[in-house]
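Architecture at a glance
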Amino acid sequence: MAKKIFATIIVAILLLGICIVATGCPKEKTHDVSIRIVRMERYDYRGELVLELVPDGTSLTTEASIEFPYDGKEYYLVVSQYNVPDDLKYGDIWFTPNPPYSFSTDLHTSSEDGKLHDKVKYFCEKGNYSYSVATDYPSSQTGWNYHHFIINIKVV
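We now turn to the structure provided with this report. (Residues numbered from 1 in each chain as written. Predicted model: local features only at pLDDT ≥ 70, side-chain atom pairs only at ≥ 80, totals over all residues. Heavy atoms only, no water.)

Considerations on the sheet that holds strand 2 (residues 44-53)
- The strand order across the open sheet formed by 3 strands is 2-1-4, and the pairing between neighbours is antiparallel. Whereas interior strands pair on both sides, the edge strands pair on one side only; in this sheet they are strand 2 and strand 4 (75-83). On average, adjacent strands in this sheet sit at an angle of 30 degrees to one another, irrespective of strand direction.
- The sheet contact formed by strand 1 (residues 34-41) and strand 2 spans 6 bridges and is antiparallel. Its bridge partner lying in strand 2, E41 is registered against D44. (Pairing = 2+ DSSP bridges. Helix = DSSP H or I, 4+ residues; strand = E, 2+ residues; numbered from the N terminus. Axes fitted to C-alpha atoms, helices over the stretch in contact; angles between N-to-C directions.)

Here's the deal with empty space enclosed by the protein
- Counted according to the given criterion, the structure contains 1 cavity of 30 Å³ or more.
- Taken as a whole, the largest cavity holds about 40 Å³ of empty space.
- Class assignment for the residues of the lining of the largest cavity results in 7 nonpolar, no polar and 3 charged. (1 Å grid on protein atoms, 1.4 Å probe; cavity = no way out; pocket = protein on both sides within 12 Å on 5 of 7 lines; lining within 4 Å. Points joined across faces, edges and corners; volume = space filled by probe spheres on them. Nonpolar A, V, L, I, M, F, W, Y, C, P; charged D, E, K, R; others polar.)

Here we look at the pattern of salt bridges
- All told, the structure shown has 6 salt bridges when counted by the stated rule.
- Here R42 ties to E74 by a salt bridge, and the two come within 2.7 Å at their closest N and O atoms. Taken together, the residues R42 in the loop between strand 1 and strand 2 and E74 in the loop between strand 3 (61-68) and strand 4 connect sequence positions 32 residues apart. (Salt bridge = Lys/Arg side-chain N within 4 Å of Asp/Glu carboxyl O.)

These values are about where atoms sit, not about what they do.
Set out below in structure tokens:
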């Protein structure tokens with residue numbers, strides 16, 4: 001009789017273990033990230049807010065265009081702040097990236113058709129440029145969904 005009870009308990013524990021393994025652990029929700037882009041002059045670190053980009057939730061890419069008048073100065077773009085709008089606790093707060101490399105960024109010259117050319121640090125000459133920002137860090141570390149922001153810049 002004791003052996004039967006013991007066997008029943010062992011079978012119940014094994015079945016419970018199989019059920020737990022089969023269903024897996026609940027995954028934490030990942031979030032879309034919104035960003036604010038600042039244009040900064042090369043030697044002046046006071047930036048000018050130029051864009052706020054918010055993913056629409058249906059695409060992995062958000063694209064925007066912006067035009068600046070030519071003034072001969074060298075500029076670059078920076079992700080100055082980010083926000084996680086659908087986070088219940090922090091959705092209304094804009095954070096400063098820390099470390100500043102929380103996003104993968106690139107600036108290239110580009111042609112009218114969007115084809116990328118040389119990678120550059122600054123934009124100043126008349127022409128077309130493309131600034132790319134990706135939230136490509138593992139979501140296990142940040143809780144963010146992957147997203148790619150593309151900003152087409154035209155200096156006229």
